[in-house]
Amino acid sequence: MSDFRDKIRRITPYVPGEQPKEKVIKLNTNENPYPPAPEVQKIKEAMDCGTLRMYPDPNGTTIRTALAEYHGVTPDQVFAGVGSDDVLATAFLTFFAGGEPILFPDITYSFYDVWADLFRIPYKTCPVGNDFRINLDDYKEPNGGVIIANPNAPTTIYEPVEWIEELVRNNSESVVIVDEAYIDFAPESALPLLKKYENLVIVRTYSKSRSMAGARLGYAIASKELIDAMYAVRNSYNSYTLTTLVEDMGAASLKDEAYFKETVGKVVATRERAKEKFRELGFICPDSQANFLFVSHPTVSAKKIFEELRERKIFVRFFNKPRINEYLRVTIGTDEEMDTLFKNLALIIKE
Ligand SMILES: *Cc1c(COP(=O)(O)O)cnc(C)c1O
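Reading the values: the criteria
Residue numbers here run from 1 along each chain, matching the order of that chain's written sequence. Only residues with pLDDT of at least 70 are given local features in this predicted model, and only at 80 or more are side-chain atom pairs given and counted; all residues enter the totals for whole chains, interfaces and linings. As a rule here, side-chain values cover all heavy atoms of the structure and leave hydrogens and water aside. Secondary structure elements are defined from DSSP: runs of H or I of at least 4 residues count as helices, runs of E of at least 2 residues count as strands, and each element is numbered from the N terminus. Three exposure classes are used, based on accessible area relative to the maximum for each residue type with a 1.4 Å probe and protein chains only: buried under 20%, partly exposed in between, and exposed over 50%. Any two residues whose heavy atoms approach within 4.5 Å at even a single point are treated as in contact. For the area figures, the Shrake-Rupley method with a 1.4 Å probe applies, and any residue is considered shielded solely by the protein chains shown. In summary, the charge assignment counts Lys and Arg as positive and Asp and Glu as negative, without counting His or the chain termini. One atom stands in for each charge, and that atom is NZ of Lys, CZ of Arg, CG of Asp or CD of Glu. Paired strands are those between which DSSP finds at least two bridges. Angular values range over 0 to 180 degrees, each being the angle between N-to-C directions of two axes fitted as lines to C-alpha atoms, with helices fitted over their stretch in contact. In this text, buried Ala, Val, Leu, Ile, Met, Phe, Trp, Tyr and Cys residues form a nonpolar core when linked through side-chain atoms within 4.5 Å. Relative orientations are named as follows: roughly parallel for angles under 35 degrees, roughly antiparallel for angles over 145 degrees, roughly perpendicular for angles from 65 to 115 degrees, and oblique for any other angle. For this classification, Asp, Glu, Lys and Arg are treated as charged, while Ala, Val, Leu, Ile, Met, Phe, Trp, Tyr, Cys and Pro are nonpolar and the rest, including Gly, are polar. Whether a residue is near a molecule or strand depends on its heavy atoms: if one lies within 4 Å, it is near. Think of a polar contact as two N or O atoms within 3.5 Å of one another; within protein, one of them needs to be a possible hydrogen donor and the other a possible acceptor, and neighboring residues in sequence only count if both atoms come from side chains. Two rings from Phe, Tyr or Trp (for Trp, the six-membered ring) form a pair when their centres are within 6.5 Å of each other. A pair whose planes differ by under 30 degrees is stacked, one over 60 is edge-to-face, and the rest are tilted. Whether a charge sits over a ring comes down to the Lys NZ or Arg CZ being within 6 Å of the ring centre and within 35 degrees of the ring normal. Read the arc as the range of directions from the helix axis to the C-beta atoms.

Asks: Is there a simple way to explain the overall build of the protein chain in this structure?
Replies: Looking only at helices and strands, one finds 10 helices and 12 strands in the protein chain. Residue burial in the protein chain is summarised as follows: out of 351 residues, 53% are buried. Looking at the protein chain alone, contacts between residues at least 24 apart form 73% of all its contacts between residues at least 6 apart. Accessible surface, the protein chain as shown: approximately 16,800 Å² in total, 52% of it carbon and sulfur. The average position of the 43 basic charges and that of the 51 acidic charges among the side chains of the protein chain differ by 4 Å.

Written as structure tokens, this is what we have:
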């Protein structure tokens, strides 16, 4: 006799960072400590709930046009989705259908292997060096596709555009996805490479640099051909993924470049101070180009620090995984939040 339970799809899901209801210093999910641009608030104030009776625009014209203008591409080169997680999942489903193993680093965003498992995409992970650097030579073998986060998470390491170009050039027979979730905190995006390479897809999010994790908005930029393929896949399971409100908020955020530069600049300045502070306390701290740090203490275990900080209502991220279980991922908060963190860390380490 067969059992209905045998027909259920079983998968070990991605585990997101906690969203505690109580008030804590929250440095565990790489959110931005500053609010979104004031223009975004105005969209919410002006919203007429009467419009909710209608479906939103299935083509996302408002946000795609605004993003195209902002990035100097055409609207048909933009795919918009429910956070970049949705965009990346759609990209996996669309571009990694060749049957050969896809390649990504062993230490990277922990959603990649989950999507590969869910969509039955074979994959091979390539070990990063002990300095967490990705070795370009590992990505020279035949493959079904490549996905790299730059800066990488949780390692914080950034590779320059020439490095990405070599990766894309070496893999002209597959689609290369570059997940630029943190690129606004780093020197330079790989976007200009789109003019030269048809197999490149760049994925971005509003969640980090634009302080809009709660809105759920992310996007991909690529050639029209690849974007059309993504929409065909998305329209085969859900054609209304974005709401009008979120599209309008996303477009509004792009209008205030001064505010954007100011808040990103503040996060970067705090990050640079935080690097020094961690090092003064004896931590190893790779040279982050993201809005978080990846730190390890030579004598006090990461798990112990994580638990002690939690007791003190300071949340950071601890991954109980091989190679990185002596590291903590710490989001850059306000200067005040970081001062509280360092005061507490000093006490924990002295004990
Ligand atoms: C945060 C993050 C994302 C997803 O963010 P969304 O909130 O879904 O846009 C994607 N990739 C990496 C590497 C991230 O850290």
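After presenting the structure, the write-up continues.
Asks: Looking at this model, I keep getting lost on the sheet that holds strand S11 (residues 317-318). Mind explaining?
Replies: Remark on secondary structure: sheet strands pair via backbone hydrogen bonds, oriented parallel or antiparallel. Read across the open sheet, the 3 strands follow the order S9-S12-S11; overall the sheet is antiparallel. Edge positions in the sheet fall to strand S9 (292-295) and S11, since each of these pairs with one other strand and no more. As paired strands, S9 and strand S12 (residues 328-331) are joined by 4 bridges and run antiparallel to one another. From the neighbouring strand, Val295 faces S12, where its bridge partner is Leu328. Across the face of the sheet, helix H8 (residues 257-280) comes into contact with S9 and S12 while running at roughly 15 degrees to S9.

Asks: Please explain the nonpolar core as it appears in this structure.
Replies: When a protein is soluble and globular, its nonpolar side chains tend to lie buried together. Formed by 112 residues in total, the largest nonpolar core has its most connected members in Ile177, Phe278 and Leu341. Those residues within four positions of Leu341 in sequence are excluded, and the remaining contacts are Leu27, Phe278, Leu309, Ile314 and Val330.

Asks: Before we go on, may I ask you to explain the packing of H8 against helix H10 (residues 335-350) in this structure?
Replies: Relative orientation and spacing of two packed helices are given, respectively, by the angle between their axes and the distance between those axes. Across the interface, H8 lies against H10 with an axial gap of 11 Å and an inter-helix angle of 5 degrees. In terms of orientation, H8 lies roughly parallel with respect to H10. Of the residues in H10, those in contact with Thr270, Arg273, Ala274, Lys277 and Phe278 of H8 are Asp335, Met338, Leu341, Phe342 and Leu345. For the contact of H8 with H10, the residue count by class is 6 nonpolar, 1 polar and 3 charged.

Asks: Is there a simple way to explain the environment of Ala97 in this structure?
Replies: If you trace the backbone, Ala97 turns up in the loop between helix H3 (83-95) and strand S3 (102-105). Since its relative accessible area comes to 62%, Ala97 is described here as exposed. On a C-alpha basis, the gap between Ala97 and Tyr237 in space is 16 Å, while along the polypeptide they are 140 residues apart.

Asks: Would you explain the site of the ligand in this entry?
Replies: The full set of residues close to the ligand is Gly83, Ser84, Asp85, Leu88, Tyr109, Asp179, Ala181, Tyr182, Thr205, Ser207, Lys208 and Arg216. For the ligand, an oxygen atom lies 3.0 Å from a polar atom in the backbone of Asp85. Interatomic distance of 3.1 Å between a side-chain N/O atom of Lys208 and an oxygen atom of the ligand. Protein chains bury 92% of the 390 Å² of accessible surface belonging to the ligand in isolation. Looking at the shell around the ligand element by element, the count peaks at 4 residues for H3.

Asks: Help me understand the packing of aromatic side chains in this model?
Replies: Each aromatic ring pair is described using two quantities: the centre-to-centre distance and the angle formed by the ring planes. If you walk through the whole model with that rule in mind, you get 22 aromatic pairs. When the ring of Phe79 is compared with that of Tyr231, the centres are 4.5 Å apart and the planes differ by 45 degrees; the resulting orientation is tilted. In this pair, Phe79 sits in strand S2 (residues 78-81) while Tyr231 sits in helix H6 (residues 224-234), placing the two residues 152 residues apart along the sequence. Like Tyr231, Phe79 is buried. Between the aromatic rings of Tyr206 and Tyr219, the centroid separation amounts to 6.1 Å while the plane-to-plane angle is 70 degrees, which identifies the pairing as edge-to-face. You can see Tyr206 sitting in the loop between strand S7 (200-205) and strand S8 (218-221) and its partner Tyr219 sitting in strand S8, a full 13 residues away along the chain. We note that Tyr206, like Tyr219, is buried. One aromatic cluster in this structure is built from Tyr14, Phe92, Phe96, Phe104, Tyr109, Phe111, Tyr112, Trp115 and Tyr123. The ring of Tyr70 has Arg210 lying over it, and the distance from NZ or CZ to the ring centre is 5.1 Å.

Asks: Quick question: what am I supposed to make of helix H2 (residues 61-71) here?
Replies: Structurally, the α-helix is built with 3.6 residues per turn, so residues lying three or four positions apart point the same way. Among the residues making up H2, those that are buried are Ile63, Arg64, Leu67, Ala68 and His71. Each buried residue of H2 sits inside an arc of 130 degrees when the element is viewed along its axis, so together they form one side. Elements in contact with the buried residues of H2: S2, S7, S8, H6 and helix H7 (244-255). Looking one or two residues beyond H2, the residue adopting positive phi is Gly72, at roughly 70 degrees.

All quantities given are derived from atomic positions and should not be read as evidence of function.
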